[in-house]
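# Examination of the molecular architecture
Each chain is listed here by its residues.
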Amino acid sequence: MGNCGIYVQVPFCQTKCTYCNFHTGVVSEGRFAPYIGAVQREISSRAALFESAGISMPFGIDSVDTVYIGGGTPSLLDPQLLANLLETIQKNFSCAWQEVTLEADPETIEPDKTTQWVAGGINRISFGSQSFVDEELKAAGRRHRREDIFRAVPILRNAGIHNISFDLIAGLPKQTRTSWWHSLSESIGLRPEHISIYMMEIDEGSRLGLEVLQGGARYNARDLPSEEAMADFYELAQAELASAGYEQYEISNWALPGYASKHNLKYWRRDPYLGFGAGAHSFSGSQRWANLHDAAKYVAAISEGKAAIESVEPVTPESALEEEFFLGLRQLAGIDLARIERQYGVNLKDKVERLKSNGMVERYGDILRLAPAKLSISNEVFVELLR
Ligand code: SF4
């Protein structure tokens, strides 16, 4: 088992993007400090809180080498609150940090703030660029515009951030092949070390998704690219990023050599991680658990000295084997079939042969990988794998 990662969820935003299906809310700034105070308390009292929820901590989970502060928009917080949070983590764990990421939206980035982030230990920024086309950003309800991205990146570089990741969304309302190519080109031109590309999700969890499912026209619901167009956008991204020197290491992630996200790799490699804050998820190797999603209920529970945990599940050998496939195969490096067969006492020969004959996977010795042409439809492969 590798070192532990810590994820902290900050579920606050300035406005709600039309496509957002996360548990985040727009609240007054006065709620930020009590929330971070509750997260600090959750971290320092975790032994008692976990015990009261029936969670047992395996030996060695106290060594932490990555931290990821996500959201929401954690860059909205006063930098001092973030510094306090990181200090609490350092005091409570054995820390040899390799990667400390903060999610930041372009319009929230200012020189003073950024300098304080770096002083507090943050060394990577995951930057919510999403698109470089103002019409798309506006249609999606984003606060920032293209020029905010160009203003923010030099500020980050000047403050000493040498590891920047851009998020882009394929499938935004009003997006066309040309506008998508434009966003890719401008991203590549700014040379971030890492680029994540997310496919637009249509479900009832967002205002836009609900509108689409109900056949309405609000939120530019009729201006969404087709599924075929989105698959084409994905392939265009693969080609453009590869020719610009970015290596694809996961279904949604590309990096310059040496810059794959150390924290996110833990999720796909099934290394342990502890999540703190409302809605945060954790994995110890033998259990998975999730915190209460409602931020107010989370703060109230922690203030009363109670665990703010809403579900705890054991990881059975069967579910662990499933995870090996649907998490492991997200990585382009693939999975080690010999290790899995040995570890779980299973014979996967027939299953693998069936998938190979369907052209879904490729096998190189003991390594099994998704076929490159199937990366954009990985969910279909996973369903087939788990049958
Ligand atoms: S900034 Fe991110 S988390 Fe916040 S509303 Fe927009 S998509 Fe959701």
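In short, a report on the structure. (Residues numbered from 1 in each chain as written. Predicted model: local features only at pLDDT ≥ 70, side-chain atom pairs only at ≥ 80, totals over all residues. Heavy atoms only, no water.)

### So, the overall build of the chain
When helices and strands are counted, the chain shows 15 helices and 15 strands. In terms of overall size, the chain behaves like a compact globule, its C-alpha atoms giving a radius of gyration of 21 Å where 387 residues would be expected to give roughly 21 Å. Each of the three principal axes of the chain carries a C-alpha extent, and together these read 55 × 50 × 45 Å. Residue burial in the chain is summarised as follows: out of 387 residues, 52% are buried. Per element, the accessible surface of the chain, about 16800 Å² overall, is 50% carbon and sulfur. Positive and negative charge centroids in the chain, built from 38 and 50 side chains respectively, lie 0 Å apart. (Helix = DSSP H or I, 4+ residues; strand = E, 2+ residues; numbered from the N terminus. Rg over C-alpha atoms; globule rule 2.2 N^0.38 Å. Buried < 20%, exposed > 50% of the residue type's maximum accessible area, 1.4 Å probe, protein only. Areas by Shrake-Rupley, 256 points an atom, 1.4 Å probe, with all protein chains shown as cover. Lys, Arg positive; Asp, Glu negative; His and termini not counted. Charge placed at Lys NZ, Arg CZ, Asp CG, Glu CD.)

### A word on unusual backbone geometry
The omega torsion of the bond from Gly 71 to Gly 72 falls at 15°, within 30 degrees of zero and hence cis. Tracing the chain through its elements places Gly 72 in the loop between strand 2 (63-71) and helix 3 (79-92). Although it is not a glycine, Lys 174 sits at a positive phi angle of roughly 75°. Tracing the sequence through the fold places Lys 174 in the loop between strand 5 (164-170) and helix 7 (177-190). A positive phi angle is found at Arg 191, which is not glycine, with a value near 55°. Tracing the sequence through the fold places Arg 191 in the loop between helix 7 and strand 6 (194-199).

### Regarding helix 3
An α-helix turns once every 3.6 residues. As a result, residues three or four positions apart point the same way. Over its 14 residues, helix 3 extends 20 Å from the first C-alpha to the last, a length consistent with the 20 Å expected when each residue adds 1.5 Å. When helix 3 is considered as a whole, its buried residues turn out to be Pro 79, Leu 81, Leu 82, Leu 85, Leu 86, Thr 88 and Ile 89. Taken together, the buried residues of helix 3 touch strand 1 (4-10), helix 1 (32-44), strand 2, strand 3 (94-104) and helix 4 (111-120). The distance from a side-chain oxygen at the start of helix 3 to the backbone nitrogen of Gln 80 is 2.9 Å, and the residue carrying that oxygen is Asp 78. (Expected span 1.5 Å × (residues − 1). Contact = heavy atoms within 4.5 Å. Polar contact = N/O pair within 3.5 Å; in protein donor to acceptor, adjacent residues only side chain to side chain.)

### Here's the deal with the site of the ligand
As a matter of local geometry, the ligand sits amid Cys 13, Thr 15, Lys 16, Cys 17, Tyr 19, Cys 20, Phe 22, Thr 24, Gly 72, Thr 73, Asp 105 and Arg 142. Residue composition of the shell around the ligand, grouped by class: five nonpolar, four polar and three charged. (Near = heavy atom within 4 Å. Nonpolar A, V, L, I, M, F, W, Y, C, P; charged D, E, K, R; others polar.)

### Thoughts on the nonpolar core
Counting residues in hydrophobic clusters, the biggest one holds 93 residues, and the most contacted among them are Phe 127 and Ile 197. Those residues in contact with Phe 127 that sit more than four places away from it in its chain are Ala 104, Pro 106, Ile 109, Ile 149, Ala 152, Val 153, Leu 156, Ile 164, Ser 165, Phe 166 and Asp 167. Core analysis: the second largest hydrophobic core is formed by ten residues, Cys 17, Ile 169, Leu 172 and Ala 221 among them. (Core = buried A, V, L, I, M, F, W, Y, C linked by side-chain atoms within 4.5 Å.)

### Looking at the pattern of salt bridges
The tally for this structure, following the rule as stated, stands at 18 salt bridges. With its nearest N and O atoms 3.7 Å apart, the salt bridge here joins Arg 270 to Glu 324. Here the residue Arg 270 occupies a position in the loop between helix 10 (262-269) and strand 9 (273-276), and Glu 324 occupies one in helix 12 (residues 317-328), the gap between them amounting to 54 residues. Of the residues examined, Arg 270 reaches a relative accessible area of 14% and is grouped as buried. Classification of Glu 324 as buried rests on a relative accessible area of 7%. A salt bridge links Arg 363 to Asp 366, with the nearest nitrogen and oxygen atoms 4.0 Å apart. Through salt bridges with shared partners, a single network forms among Arg 270, Arg 288, Glu 323, Glu 324 and Arg 339. (Salt bridge = Lys/Arg side-chain N within 4 Å of Asp/Glu carboxyl O.)

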